[in-house]
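# Overview (structure and organization)
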Amino acid sequence: MSETAHLVICGAGIAGVSAAYHLAARRGVKNIVLIEERAPLTLTSDKSTECYRNWWPGPGNAMVRFMNRSIDILEELARESDNAFQLNRRGYVYATADPARIDDLKRAGQEAAELGAGEMRVHPGPGAYRPLAAEGFEHQPVGSDLLLDPALIQTHFPYLSPKIVALIHARRCGYFSAQTYGMYMLERARECGVRLVNARVEKIDTYGGRVGAVHLSNGSKIETELVVNAGGPFIGEIGKMMDLDLPVYSELHTKVILRDDLRVTPRNTPLLIFIDPQYLPWSDEECELFVQDTETRWLLRELPPGVHGRSEGGASSPYFLMQWTIHLDPVTPQFPIPLDPQFPEIALRALSTLLPGLERYFGRLPSLVMDGGYYTKTRENRPLVGPLPVQGAYIIGALSGFGMMASAAAGDLLAAHIVGEKLPDYAPAFLLSRYDDPAYQKLLASWDQSGQI
Ligand SMILES: Cc1cc2nc3c(=O)[nH]c(=O)nc-3n(C[C@H](O)[C@H](O)[C@H](O)COP(=O)(O)OP(=O)(O)OC[C@H]3O[C@@H](n4cnc5c(N)ncnc54)[C@H](O)[C@@H]3O)c2cc1C
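All figures in this text were calculated on a predicted structure; none of them were measured in a lab.

## Considering the site of the ligand
Around the ligand there are 41 residues in total, and Gly11, Gly13, Thr44, Gly232 and Gly403 lie nearest to it. Counting only elements with at least two residues in the shell around the ligand, the list comes to α1 (14-27), β3 (32-36), β4 (51-53), β15 (249-259), β19 (368-377) and α9 (403-419). Per-domain counts for the shell around the ligand show at least three residues from each of domain 1 (2-50 + 178-248 + 379-445) and domain 2 (92-173 + 255-376).

Here's what the structure looks like:
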C-alpha cells in the first residue's frame, strides 16, 4: 500500500495537533496526514497541570516573547470558541516564608518586567492590589504584584499559611482545559482536510539527505517530501529514523488529583507555588521510622523548592491538583509510567506548608488519582521548533513542562518555517542549529536558570 502526502506529521499530542491546525486551518496547506499510534492527545498532553504563564527568565527575552505570542493565540481561540476551553487569568503566585528570599522575588519581578512580561507593582504602595478574577481572561492586569505585607496577603489569600511573608502574583498567567483546547484545534484541522491515521511511524526513508517516505505499522508507505517530528517523549527515536541524534533527555514528573471531601482546599485559586526549600512536617514517630531505613532517610533531609498546586473545577468541585518533582535524573521514557505510592503523602506534606488546611489529611489520604508523564527537554529548557538537518524534515518538540502553553506559538512558528513566511524575531532561539554557534555554546556554559517549576 503506497500513497502520497504533501506533509506527514508524526505524533498527535498537542505539538502535532497544533502544527496541523496552524498549517491547515490558518494557512490553507492541503494534503496533510497526522499519524498517531494511540488516541490523539493521550500520552503526555492530557496529563498536564494545564497552566500557562508569560513569566520566564532570561538570558534574553525570547521565551517571554514566544509565550506572549502563544497566549495571544490562546486568547484568540478562546474568543472565537466562546471560551470553550475555559481559559482563566488567575495568575501564578510564588510565595515565601523566608524573609531572606524577599529580594529574590523582587529581582524576579524586575527581571520579568525588563524581559517584557509587564511592570511590577509593589504593595503596600501607590496603587491598590487588584484581586484575581475567578473566571474569564479579558481586561485583566499584566505584569506582577509583589505583596510584602502579611496582613494584606491574608486578606486576599486567607487560605495561605500565616507564615508566608511575601508573595508575587504574576498576572498574564492562569489555566485552561488543555485537552478541550487540543480537541478544538484537532477538529478545525480535520475540517480543513487533515487526515488522522491511527498507526505507528516505524521508519522514515531519506534519499540524498532529503525526506522521501514514511513507513507505518499498518504496512502502508506514504511518499512525502515533508515530515514533522512531533513525537513528544519519542522525538529522539523519530530523529534516529533519519540518523539524527537530537540533544534531548526526559525527566519523570508526577501529579496528584485529590478529592477533598473535607473541603480544606480553597476554590478559584491561582497556581500556588512555594519557593522555599523545606523539611517535611513528619511526626516524631515517623522521623524515628524513616531514619532507620536507608530507603526513607532522604525524607528527613532538606527537600527542593517548587511544590505547587491549584484548585480544579468550579465552586462546588472537590478536586485539587498537586505537583512536585524531587528527583530530576534523566530517565528513559516507559509507559505506563512508574508511579511512587509514597508520592501523594510526600506532596501533601510539602504543600501543607503553604496550605495548612491539608494537615487534616496527614496519614489518611483522601481518594486520589496519580498520573504524570515526561518532560522531554533540551539542557537549557528551551524547545526545538524548525528545520532539521535533513531536507524536508522539521521538529516541534522538547516542550518540557510548558508544552500546553507554548503549543500555540510553537505550531504557528513551525508553520511559518514550513510555508516560508517571515519569521518572528524569537525564531533563532528555538532552532536546532543554535548549538552550532560557538557563542551559544559559551552562553550555555554559564546558563543557570531554566524557568522550570
Ligand atoms: C505532570 C505534568 C504536568 C505538566 N504541566 C504543564 C502545564 O501546567 N502547562 C504546560 O504548558 N505544560 C505542562 N506539561 C507539559 C506538557 O504536558 C507537554 O509539554 C506536552 O504535552 C508535550 O506535548 P507533545 O505533543 O510534544 O507530546 P505528547 O503529548 O507525548 O505527544 C506525542 C505523541 O506522539 C506519538 N508518537 C510518538 N512516537 C510515535 C510514532 N513512532 N508513531 C506514531 N505516533 C508516535 C505519541 O503516541 C504521542 O501521542 C506538563 C507535563 C507533565 C508530565
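## Brief notes about the domain arrangement of the protein
Its domain assignment divides the protein into domain 1 (2-50 + 178-248 + 379-445) and domain 2 (92-173 + 255-376). The distance between the C-alpha centroids of domain 1 and domain 2 comes to 32 Å. Residue-level contacts link 12 residues of domain 1 with 10 residues of domain 2. Grouping the constituent residues of the side of domain 1 that touches domain 2 by class yields 5 nonpolar, 6 polar and 1 charged.

## Digging into the sheet that holds strand β18 (residues 319-323)
Reading across from one edge, β6-β7-β8-β5-β16-β17-β18-β15-β19 is the order of the 9 strands in this open sheet, with mixed pairing throughout. Two strands close off the open sheet at either side, each with one partner strand: β6 (120-123) and β19. Across the sheet, the mean angle from the axis of one strand to that of its neighbour is 20°, orientation sign disregarded. Relative to strand β8 (residues 166-170), strand β7 (residues 144-147) is paired through 4 bridges, and the arrangement is antiparallel. Residue pairing across strands places aspartate 145 opposite histidine 169, the latter belonging to β8. Most of the contacts of helix α3 (residues 102-115) go to β8, to which it runs at about 20°, and overall it touches β5 (92-96), β6, β7 and β8.

## A few points about the sheet that holds strand β12 (residues 210-216)
In spatial order, the strands read β1-β13-β12-β11; together these 4 strands make up an open sheet with mixed pairing. Two strands in the sheet have a free side with no partner beyond their single neighbour: β1 (2-4) and β11 (201-207). Taken pair by pair, the neighbouring strands of this sheet meet at an average axis angle of 25°, ignoring direction. Pairing between β12 and strand β13 (residues 221-223): 3 bridges, direction antiparallel. Across the sheet, residue alanine 213 finds its bridge partner in β13, namely glutamate 223.

## Things to note about the environment of proline 233
Note that proline 233 resides in the loop between β14 (227-229) and α6 (235-240). Classification of proline 233 as buried rests on a count of 24 C-beta atoms within 10 Å. Taking C-alpha positions, proline 233 is 8.9 Å from lysine 377, a pair spaced 144 residues apart along the chain. Excluding residues within four positions of it along the chain, proline 233 makes contact with Thr44, Ser250, Pro333, Tyr374 and Thr376.

## Some thoughts on the packing of helix α2 (residues 62-80) against α9
Contact geometry of α2 with α9 gives a least axis separation of 7 Å together with a crossing angle of 95°. Classified by the interaxial angle, the pair formed by α2 and α9 is roughly perpendicular. Together, Phe66, Met67, Arg69, Ser70, Ile73 and Leu74 of α2 and Met405, Ala406, Ala408, Ala409 and Asp412 of α9 make up the contact between the two elements. Here the contact of α2 with α9 is built from residues that sort into 8 nonpolar, 1 polar and 2 charged.

How each quantity is defined
- Residues numbered from 1 in each chain as written.
- Predicted model: local features only at pLDDT ≥ 70, side-chain atom pairs only at ≥ 80, totals over all residues.
- Near = placed C-beta within 6 Å.
- Helix = DSSP H or I, 4+ residues; strand = E, 2+ residues; numbered from the N terminus.
- Domains from an automatic or database assignment.
- Contact = placed C-beta atoms within 7 Å.
- Nonpolar A, V, L, I, M, F, W, Y, C, P; charged D, E, K, R; others polar.
- Pairing = 2+ DSSP bridges.
- Axes fitted to C-alpha atoms, helices over the stretch in contact; angles between N-to-C directions.
- Buried ≥ 20, exposed ≤ 12 C-beta atoms within 10 Å, placed from the backbone.
- Parallel < 35°, antiparallel > 145°, perpendicular 65-115°, else oblique.

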